[in-house]
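Fold and contact review
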Amino acid sequence: MSTDDLRRRIEYFKDLGVKELYRREASPFVPEAPPIVTETVPEQISAALVQPSASVTPEVELPSLAPTGDTLLQIGQDIGDCTRCALHKGRNKIVFGDGNPEAPLVFVGEGPGADEDAQGIPFVGRAGQLLTQMIEGTAKKEGIPLVRADVYICNVVKCRPPENRTPEPDEMAICGQFLFRQLQVIRPRAICALGSTAAKALLGGKDGVTKLRGKWHKWNDIPLIVTYHPSYLLRAYNVEAKREAWEDLKKVLHFVYD
Ligand code: SF4
Ligand code: URA
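Quick caveat: nothing in here was measured; it's all calculated off a predicted structure. (Residues numbered from 1 in each chain as written. Chains lettered and ligands numbered in written order. Predicted model: local features only at pLDDT ≥ 70, side-chain atom pairs only at ≥ 80, totals over all residues. Heavy atoms only, no water.)

With that settled, consider the overall build of the chain. Within the chain one finds ten helices and six strands. Relative to its 258 residues, the chain shows a buried fraction of 48%. Taking the contacts inside the chain whose residues are at least 6 apart along the sequence as the reference set, 75% of them involve residues at least 24 apart. When the accessible area of the chain is evaluated, it comes to approximately 13,300 Å², of which 53% is carbon and sulfur surface. (Helix = DSSP H or I, 4+ residues; strand = E, 2+ residues; numbered from the N terminus. Buried < 20%, exposed > 50% of the residue type's maximum accessible area, 1.4 Å probe, protein only. Contact = heavy atoms within 4.5 Å. Areas by Shrake-Rupley, 256 points an atom, 1.4 Å probe, with all protein chains shown as cover.)

As a matter of local geometry, ligand 2 sits amid Gly-109, Glu-110, Gly-111, Glu-116, Pro-122, Phe-123, Asn-155 and His-229. A distance of 3.0 Å separates a nitrogen atom of ligand 2 from a polar atom in the backbone of Gly-111. With respect to ligand 2, the side chain of Asn-155 contributes an N or O atom lying 2.7 Å from a nitrogen atom. When ligand 2 sits alone it has 240 Å² of accessible area, and the protein chains cover 93% of it. A class-by-class count of the residues in the shell around ligand 2 yields two nonpolar, four polar and two charged. (Near = heavy atom within 4 Å. Polar contact = N/O pair within 3.5 Å; in protein donor to acceptor, adjacent residues only side chain to side chain. Nonpolar A, V, L, I, M, F, W, Y, C, P; charged D, E, K, R; others polar.)

What follows concerns the pairing of strand S2 (residues 105-109). A large share of S2 lies buried, amounting to five of its five residues. Residues Leu-105, Phe-107 and Gly-109 point to one face of S2 and Val-106 and Val-108 to the other, with burial holding for every one of them. Bridge analysis of S2 against strand S4 (residues 190-194) gives four bridges, and the strand direction is parallel. By the bridge assignment, Phe-107 is partnered in S4 with Cys-192. (Pairing = 2+ DSSP bridges.)

We now examine the sheet that holds strand S5 (residues 216-219). In spatial order, the strands read S1-S3-S2-S4-S6-S5; together these six strands make up an open sheet with mixed pairing. With partners counted over all chains shown, the strands left at the sheet margins are strand S1 (98-99) and S5, one partner each. Lying on the sheet, helix H7 (residues 195-203) is in contact with S2, S4, S5 and strand S6 (222-227); it crosses S4 at an angle near 135°. (Axes fitted to C-alpha atoms, helices over the stretch in contact; angles between N-to-C directions.)

As a further point, take the environment of Ala-199. Within the secondary structure, Ala-199 sits in helix H7. Residue classification places Ala-199 among the buried residues on the basis of a relative accessible area of 0%. Along the backbone, Ala-199 and Val-156 are 43 residues apart, and their C-alpha atoms lie at a distance of 9.6 Å. Every residue in contact with Ala-199, bar those within four places of it in the chain, is listed here: Ala-193, Gly-204, Leu-212 and Val-226.

To continue, consider the site of ligand 1. Every residue lining ligand 1 is accounted for by Ile-79, Cys-82, Cys-85, Leu-87, His-88, Arg-91, Lys-158, Cys-159, Ile-174 and Cys-175. Along the lines of polarity and charge, the residues of the shell around ligand 1 split into seven nonpolar, one polar and two charged.

What follows deals with the pattern of salt bridges. Scanning the model with the defined rule gives ten salt bridges in all. A salt bridge links Arg-148 to Asp-98, with the shortest nitrogen-to-oxygen separation between them at 2.9 Å. Separated by 50 residues along the polypeptide, Arg-148 in the loop between helix H5 (126-141) and strand S3 (152-155) and Asp-98 in strand S1 bring together distant segments of the chain. Take Arg-148: its relative accessible area is 12%, and that puts it in the buried class. Between Arg-213 and Glu-244 there is a salt bridge whose closest N-O contact spans 3.7 Å. Linking Arg-213 in the loop between helix H8 (209-212) and S5 with Glu-244 in helix H10 (residues 239-257), this pair joins segments that are 31 residues apart in sequence. Here the salt bridges do not stand alone but share partners, grouping Asp-70, Asp-78 and Arg-181 into one network. (Salt bridge = Lys/Arg side-chain N within 4 Å of Asp/Glu carboxyl O.)

Along an α-helix, residues three or four positions apart point the same way, because every turn accommodates 3.6 residues. Taking 1.5 Å of rise per residue, 16 residues should cover 22 Å, and H5 covers 22 Å from first to last C-alpha, within 8% of that figure. Among the residues of H5, those classed as buried are Ala-127, Gly-128, Leu-130, Leu-131, Thr-132, Gln-133, Met-134, Ile-135, Gly-137, Thr-138 and Ala-139. Following H5 by one or two positions, Gly-143 adopts a phi angle in the positive range, close to 75°. (Expected span 1.5 Å × (residues − 1).)

Moving on to the side chain of Asn-155. You can see Asn-155 is positioned in strand S3. Take Asn-155: its relative accessible area is 2%, and that puts it in the buried class. A polar atom in the side chain of Asn-155 sits 3.2 Å from the backbone nitrogen of Glu-110.

It is worth spelling out the packing of helix H6 (residues 169-186) against H7 at this point. Relative placement of two packed helices is described by the angle separating their axes and the distance separating the axes. Remark: H6 packs on H7, axes separated minimally by 10 Å, with the N-to-C direction vectors making an angle of 75°. Taken together, H6 and H7 sit at an angle that is classed as roughly perpendicular. Across the interface between the two elements, Met-172, Leu-179, Phe-180 and Leu-183 of H6 pack against Thr-197, Lys-200, Ala-201 and Leu-202 of H7. (Parallel < 35°, antiparallel > 145°, perpendicular 65-115°, else oblique.)

What follows is the structure in structure tokens.
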């Protein structure tokens, strides 16, 4: 990378609200392994995975995926030492979620990467640190007192796909039920879907971020914004995407915290 490229890249991160470029460090947080439970998921729950999206009005009310009195703890216990999809084979740690269990805003990513798989915490690697800095940087610029710990962050699939490949539809459908339950329990004021995989899991359909971003959608009556995945912002030097991601974040932060 030339000095000019480097300078532009640093400017780019600065615009996103990133104040420091970091080196990776071991996390002090080592979550306990989830307890092992052997129960399997009832078939009707797997069958009811596709939730109504804003554009689809089901003729029949779909059953709630969340058992009454569901809790994040219960969901974690139900996941247990999960082997329900092929992703269990390559994982080190199940990455359940992180942050405020009563957060008014939930960010949903795709699936754990190498750092997340090692630590058991979502969005702690390069993309994660960018996400954290984007959230905190944008909030600060907008005069909203907010740190990462105030929101909740999780993924569509809880185990790292090999080589960080995109999760397969069956993996998203199986693990998605846990995501849906997490969202039902937290019932945030808004959801921010990061990238196409999260958008597909939550809205159904085939549209990608370019088509979906910039307007409000709904997941089970909860307002939802789609924006670029931070990995995409790290990879592509794309001024427009950066500006748009910033707009999306501003929009969702003001909606939730004003
Ligand atoms: Fe279970 Fe989800 Fe991991 Fe698949 S990705 S093994 S469904 S926890
Ligand atoms: N990318 C994701 O989608 N999720 C993570 O937790 C980390 C990187």
